[in-house]
Amino acid sequence: MNGINNRVKLNNGLEMPVLGLGVFQVEDGQVVIDSVKAAIRNGYRSIDTAAIYQNEEGVGQGIKEALEENGLKREELFITSKVWNADLGYQSTLDAFELSLKKLGLDYLDLYLIHWPVEGKFVESWKALETLYKNGKVKAIGMSNFQIHHLKEVIANAEIMPMVNQIELHPMLSQVELREFLKENSIQVEAWAPLMQGQLFENETLQEIANKHNKSIAQVVLRWHLQNGIVIIPKSIKEHRIQENANIFDFELTEEDMTLINALNQNHRVGPDPDHFDF
Ligand code: NAD
């Protein structure tokens, strides 16, 4: 069966790893350095950060050390960051990108995302992302937390189609309609909070499926994402969990398992609603 190095092809031909490490709420400095290094040592090739996580410097340091220690080249990694709401607008997005790049110690990013769809601002930022893409500063561009109507507004004004939308997505919020729209528009779905930030671990249905496969609930849920064609970026700072979350390529959920997990949806968010946020 395929493995940790599996990639999906984005609509511009770029290949993106199906699994990455998320570093939201991971402290800058040694904690994030160690997490990034543990992930890369264990075969991860993708890291998801953002300006607002305030750990880009540590992520950059972790990448630098991991490249040396594992004899890897920068091109083998896939690094994502995001422009924060306060920096939306054309020039301010370009400036924010340069600052992220500098903090990360990199000379290009693989993916740059508009973090949240702030009304009246995101179209201008999209134009900035198009400029960065055309200038070769970033290999793919996209957004996060965009609903269908936000995406339609961008697409109506876009020269370049978005490649990725990173959204809250897990069995309690399966986002069927949005996923369908993304598929129709060849925009890759990436799940944030793929493990619902740890709130799925008491679920009996998931426990039964996990027992049957001799896997953990985390592994079953991550496998459910993969079998739905969704890119995942689970967060952990513990090496054994970083390993556990990658150990999902040696089993397959049955159609019945998938149906049972699909039926858990409650349209329940753990994060903010992209149509009603005030930050
Ligand atoms: P997550 O669903 O990845 O859950 C992380 C939590 O689950 C952590 O508390 C961790 O300790 C626990 N955990 C991880 N693996 C486990 C395991 N195997 N067993 C038991 N517990 C385990 O939540 P997240 O961190 O919010 O989301 C993942 C990533 O998505 C973030 O780190 C970040 O990179 C990104 N993100 C993006 C946005 C956005 O607006 N674009 C918002 C939130 C997160």
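The coordinates are above.
Residues numbered from 1 in each chain as written. Predicted model: local features only at pLDDT ≥ 70, side-chain atom pairs only at ≥ 80, totals over all residues. Heavy atoms only, no water.

A word on the overall build of the protein chain
Check the secondary structure of the protein chain and you find ten helices and ten strands. By the compact-globule yardstick of 19 Å for 279 residues, the protein chain fits well, its C-alpha radius of gyration being 18 Å. Judged by the C-alpha coordinates and their principal axes, the protein chain covers about 55 × 45 × 35 Å. Considering the protein chain as a whole, with its 279 residues, one finds that 56% of them fall into the buried category. By element, 45% of the accessible surface of the protein chain is carried by carbon and sulfur atoms, the whole surface being about 12300 Å². Of the charged side chains in the protein chain, 26 are positive and 40 negative, and the gap between their average positions amounts to 4 Å. (Helix = DSSP H or I, 4+ residues; strand = E, 2+ residues; numbered from the N terminus. Rg over C-alpha atoms; globule rule 2.2 N^0.38 Å. Buried < 20%, exposed > 50% of the residue type's maximum accessible area, 1.4 Å probe, protein only. Areas by Shrake-Rupley, 256 points an atom, 1.4 Å probe, with all protein chains shown as cover. Lys, Arg positive; Asp, Glu negative; His and termini not counted. Charge placed at Lys NZ, Arg CZ, Asp CG, Glu CD.)

Some words on the nonpolar core
Among the nonpolar cores identified, the biggest contains 95 residues, and Leu109, Tyr112 and Ile114 are the most heavily contacted of them. No other element matches the seven residues that helix α8 (residues 217-227) contributes to this core. (Core = buried A, V, L, I, M, F, W, Y, C linked by side-chain atoms within 4.5 Å.)

Brief notes about the pairing of strand β9 (residues 188-192)
For β9, the buried fraction is high: five of the five residues fall into the buried class. Judged by which residues are buried, β9 turns out to be covered on both faces: Gln188, Glu190 and Trp192 on one side and Val189 and Ala191 on the other are all buried. As paired strands, strand β8 (residues 164-168) and β9 are joined by five bridges and run parallel to one another. Residue pairing in the sheet places Asn165 in a bridge with Val189 of β9. Following the chain from β8 across helix α6 (residues 176-184) to the adjacent parallel β9, one finds a crossover that is right-handed. Relative to strand β10 (residues 231-232), β9 runs parallel, the two sharing two bridges. Directly across from Glu190, in β10, lies its bridge partner Val231. (Pairing = 2+ DSSP bridges. Right-handed = clockwise from strand over helix to strand, strands pointing away.)

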